[in-house]
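Summary of structural features
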Amino acid sequence: MSIDSFYQCFKSRFKDIFSFASRPSCEKFAVKVSQSFEYCYFSYVYASDRPVEEELIEKIFDEVFNYIKDTLERYMLCDGSDIEFAKYLCIQTHEYPASKELCNYFNFRRKINMIKRKINLIKGLNLKFSLSATFLEKKPFVKQVMEVPIYSHKRSPKRFSDILSEILNNNVDSDFTKEIFNDNYFLYEHQALAFDKLKRPGPRVVVVATPNASGKTEIGILTAMSIVKEGGNKLILAIYPTKALARDQFDRWKNRLRKFCEKALKCNIKDEEKFYLISDKLDIILLDGDTIKKLRDKLKNITSGYEPLVVLSNSQFFLTILQNNSWRKYFGQRCLHFLLLDEIHFYRSRDLTLLIKILEPSIIGSYICKSAGNDEYKVLMLSATMGDPDRFKDQIINAWHFKDVAIITSELGDKVGVKNIYVIKVDDDRIAEGIIEEFVRELFDKAIDPEDIDKTLIFVPNRNIADRLQRRLQNIAYQRFKTLGIVERHLGDMALWERENIERKFKEGETRILITVKTLEIGIDIGDVMRVVHWGLPPSLNDIIQREGRTGRRPGEYESLIIIRTAYDENLTEKYLKLLNDISEKRSLQNILKYTHTPTINLNASVMRWLDYNIKHSTRTPPIKTLFDYLDKNRGHLRNEV
């Protein structure tokens, strides 16, 4: 037999599945692959007169793998993910024996990719900027080079298995824990402390102010697991400042909770899609302006259920729900039991004040879900950059009159890496673009394979520059590797599917250079970005910290190129480097406080006084709808006041 005959047999069996207007589901495509592979493998390998060489069999698997990966991306099946596809493929092994071999091959390729990524982390950067020809040529423009250590956060003596044991009231071993969290490492001290406070009886607010990549999301997920274990028609609501961030976090929430539901609670998954999961003991949905259309048929079942409901949404859509008096439409009879507010430093004072006031327990409990009260209202607020946590605590106490408000920060642990920061001063944008282009060309020239290119995130001043730079760098990449997708750009006005596809390719390593203006500043977890390039700086120190937080999330070696033009850029850079120097010298994160702003809740605004009055005196009309009418009439005045 020949490899071509097998490959043609396999490909020919997919013509019918792509001949219709609608795309097949991920599961249906996996079944078709299993059937086709079984037929062709039996015809050309099992039925062969003589043993087939192992080298030829390896080529068969390799060709099939590449064909499937290309098909997944071309038709955006399984969200373009071969990992998602492999999950459904491996289910078919009991019915189609040859699929077991294909399933094993997919898992083998995944392990190889993981090993490559780990090796890249161990050996650090493939090309340091200081060792490049670009650095030597442009050295007159380099004003400062600074090496700063990267520290982990102080660890707790508790492992994830210990927390799961507390939640389930049963001893949980490491293997069981790894099935849910993929690992069983020791929690950071701030994670363990925050979870401990949230699990105690009674209403409380916990504010966790720790840097990027400090596991803040896991605190919310563990707390949600604890509430889900108790059962009942409770609502767990996670609100993010942007739709993109909520979508990015949803996969982590859904995957963790699905495994917890199946492994720990033995629940039955009734229906699952990208943006929802419905089971007999837990429902979890992503709620925004795009998904609501697709959820319309599911909402009736979800809202009428009595199992806990976990909802991830963005602040704008959540306020729309309240404005339209649609609480029961989306949440049924459930009252809010656990609230997570992420990236609270992201909000302007006006928006944060309104959100905090509307989420006050007396409004949520009495006026929205018609509850006499909620004695277990837990709130977790997260921030990577908060100037004065104690002042923010006082604001929460004044806004909500809660007695139990806890502020949790983190302490530094062991040194786990190093980052080199290069400050480059230019007088012309053409020089800035030239430095980036020349250095990226060197990265390509040095690489034998695209995976050898250090994963780099480039922030530029505007979308015109992003478009132009992406085209130029992609042309260089294509000349070197004869493939597209190595250089991409990520912009806010792109279609949702396009942004998500680019994010996935960057996370998985197919894209090595990603250019953006602002959209990847906050929250979205790429993981193994090795280098950040700043062409100009954002408006505030908080924004720089967020951008820089895209690197250094794992042990290893990293670098940042800060290309500045204006006096403002220079002043902001000095503040940032001073901050890093203070943290390094004093081994403390507390020095960050004097450099970053504190989220502000303005309770003196007339809208807050108006809302308080209506809460105390209104017995028939829920004040939320009336509040939005009031805001619409006084929008100009209130914009200046709050």
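Note that residues are indexed from 1 along each chain, following the sequence as it is written. Where totals are concerned, whole chains, interfaces and linings use all residues; where local detail is concerned, this predicted model gives features only for residues with pLDDT of at least 70, and gives and counts side-chain atom pairs only at 80 or more. Computation of side-chain values: all heavy atoms of the structure, hydrogens and water removed.

A short note on the overall build of the protein
- Of regular secondary structure, the protein possesses 25 helices and 18 strands.
- Categorising residues by exposure relies on relative accessible area from a 1.4 Å probe, with only protein chains included: less than 20% of the type maximum marks a residue as buried, more than 50% marks it as exposed, and the intermediate range marks it as partly exposed. Within the span of the protein, comprising 642 residues, buried residues form 56% of the whole.
- In what follows, residue pairs with any heavy atoms lying within 4.5 Å of each other are defined as contacts. For the protein, the share of sequence-separated contacts (at least 6 apart) that also reach a separation of at least 24 residues comes to 78%.
- Carbon and sulfur atoms make up 47% of the accessible area of the protein, which totals about 28600 Å². Labels follow the DSSP assignment, with helices taken as runs of H or I lasting at least four residues and strands as runs of E lasting at least two, numbered in each case from the N terminus. Residue-level accessible areas treat just the shown protein chains as cover; the underlying method is Shrake-Rupley with a 1.4 Å probe.

Considering the packing of helix H10 (residues 216–230) against helix H11 (residues 243–263)
- Fitted lines through C-alpha atoms give the axes, limited to the stretch in contact for helices. The angle between two N-to-C directions lies from 0 to 180 degrees. Axis separation between H10 and H11 bottoms out at 11 Å; the angle between their running directions is 35 degrees. As for the relative orientation of H10 and H11, their crossing is right-handed in sense. Note on element contacts: H11 touches H10 through Gln249, Arg252, Trp253, Arg256, Leu257 and Phe260, opposite Thr217, Glu218, Gly220, Ile221, Ala224, Met225 and Val228.
- We call Asp, Glu, Lys and Arg charged. Ala, Val, Leu, Ile, Met, Phe, Trp, Tyr, Cys and Pro are nonpolar, and the rest, Gly among them, are polar. Tallied by class, residues from the contact of H10 with H11 come to 7 nonpolar, 3 polar and 3 charged. For any pair of crossing helices, the crossing counts as left-handed if the nearer helix is rotated counterclockwise from the farther one by less than a right angle, and right-handed if it is rotated clockwise.

As for the packing of helix H18 (residues 429–446) against helix H19 (residues 463–481)
- Contact geometry for H18 and H19: axes closest at 10 Å, N-to-C directions at 20 degrees. With respect to each other, H18 and H19 are oriented roughly parallel. Between H18 and H19 the crossing geometry is right-handed. Facing Glu433, Ile436, Glu437, Val440, Arg441, Phe444 and Asp445 of H18, the residues of H19 in contact are Arg468, Leu469, Arg472, Leu473, Ile476, Ala477, Arg480 and Phe481.
- Tallied by class, the residues present in the contact of H18 with H19 amount to 8 nonpolar, no polar and 7 charged. Any angle from 65 to 115 degrees is called roughly perpendicular, while one under 35 is roughly parallel, one over 145 is roughly antiparallel, and all others are oblique.

Looking at unusual backbone geometry
- Positive phi outside glycine occurs at Asn182, with the angle close to 65 degrees.
- Note on placement: Asn182 falls in the loop between helix H8 (174–181) and strand S3 (186–188).
- Unusually for a residue other than glycine, Lys482 sits at a positive phi of about 55 degrees.
- Considering the arrangement of structural elements, one finds Lys482 in the loop between H19 and strand S15 (487–490).

Overview of the sheet that holds strand S16 (residues 513–516)
- For two strands to be treated as a pair, DSSP must find no fewer than two bridges joining them. Spatial strand order, S1-S13-S18-S17-S14-S16-S15: 7 strands in an open sheet with mixed pairing. In the strand order of this sheet, the two ends are held by strand S1 (142–153) and S15, each with one partner. The mean inter-strand angle of the sheet, taken between neighbouring strand axes irrespective of direction, is 20 degrees.
- When strand S13 (residues 412–425) meets strand S18 (residues 556–564), the two strands line up parallel, connected through 9 bridges. The partner of Ile421 across the bridge, within S18, is Ser560.
- Contacts from helix H20 (residues 496–508) reach strand S14 (456–459), S15 and S16, with the element oriented near 135 degrees to S15.

What to know about the sheet that holds strand S4 (residues 204–209)
- The 9 strands lie next to each other as S6-S7-S8-S9-S5-S10-S11-S4-S12, forming an open sheet whose pairing is mixed. The outermost strands of the open sheet, each flanked by one partner alone, are strand S6 (269–273) and strand S12 (405–408). Between one strand axis and the next, the sheet turns by 15 degrees as a mean value, whatever way the strands run.
- Both strand S10 (residues 335–341) and strand S11 (residues 378–383) contribute to a ladder of 4 bridges, which runs parallel. Note that in S11 the partner of Leu340 across the bridge is Leu380.
- Each of strand S5 (234–240), strand S8 (283–287) and strand S9 (309–314) touches helix H13 (residues 315–323); the most contacted strand, S9, lies at about 110 degrees to it.

Considering the pairing of strand S7 (residues 276–279)
- Here S7 shows two buried faces, one formed by Tyr276 and Ile278 and the other by Leu277 and Ser279.
- Note: S6 against S7, 4 bridges, orientation antiparallel. Each residue of the ladder has a partner; that of Glu273, found in S7, is Tyr276.
- Turn length for the S6-S7 hairpin, with the two strands adjacent in sequence and antiparallel, is 2 residues.
- With antiparallel pairing between neighbouring strands as the criterion, S7 and S8 make up a hairpin whose turn holds 3 residues.

Here we look at the state of the cysteines
- The criterion for a disulfide is a pair of cysteine sulfur atoms lying within 2.5 Å. Counted under the stated rule, the structure contains 3 disulfides.
- Note on cysteine connectivity: Cys9 is disulfide-linked to Cys40, with sulfurs 2.1 Å apart. Looking along the S-S bond of the Cys9-Cys40 disulfide, the torsion reads about -85 degrees, which is the left-handed sense. Here Cys40 lies in helix H2 (residues 26–46) and Cys9 lies in helix H1 (residues 3–12), a separation of 31 residues in the sequence. Neither Cys9 nor Cys40 differs from the other in exposure class; each is buried.

Notes on the pattern of salt bridges
- Any carboxyl oxygen of Asp or Glu within 4 Å of a side-chain nitrogen of Lys or Arg constitutes a salt bridge here. For the coordinates displayed, the defined rule picks out 42 salt bridges.
- Where Arg247 meets Glu500, a salt bridge forms, and the shortest distance between an N and an O atom there is 3.1 Å. Of this pair, Arg247 sits in helix H11 while Glu500 sits in helix H20, and the two are 253 residues apart along the sequence.
- Between Glu570 and Lys425 there is a salt bridge, with the nearest N and O atoms lying 3.5 Å from each other.

Describing the confidence of the model for the protein
- Residues with a pLDDT of 70 or more make up 83% of the protein, whose mean pLDDT is 82.
- Scored below 50 in pLDDT, residues 636–642 makes 18 contacts in the model with residues more than four places away or belonging to other chains. A residue's pLDDT is simply how confident the predictor is in it, with values from 0 to 100.

What to know about the side chain of Lys378
- In this fold, Lys378 is placed in strand S11.
- Within 3.5 Å is the distance limit for a polar contact, defined as a pair of N or O atoms, with the added protein rule that one can donate a hydrogen and the other accept it, and that residues adjacent in sequence qualify only through two side-chain atoms. A polar side-chain atom of Lys378 sits 3.5 Å from the main-chain carbonyl oxygen of Leu198.
- A polar contact of 2.7 Å, which involves the side chain of Lys378, links it to the backbone oxygen of Gly202.
- Dropping the residues within four chain positions of it, Lys378 is found in contact with Leu198, Arg200, Pro201, Gly202, Arg204, His337, Phe338 and Leu339.

Brief notes about the environment of Ile583
- In this structure, Ile583 sits in helix H22 (residues 567–586).
- A residue is classified by how much of its surface remains accessible, and Ile583, at 13% relative accessible area, is buried.
- Measuring from C-alpha to C-alpha, the distance between Ile583 and Pro149 comes to 9.4 Å, with 434 residues separating the pair along the chain.

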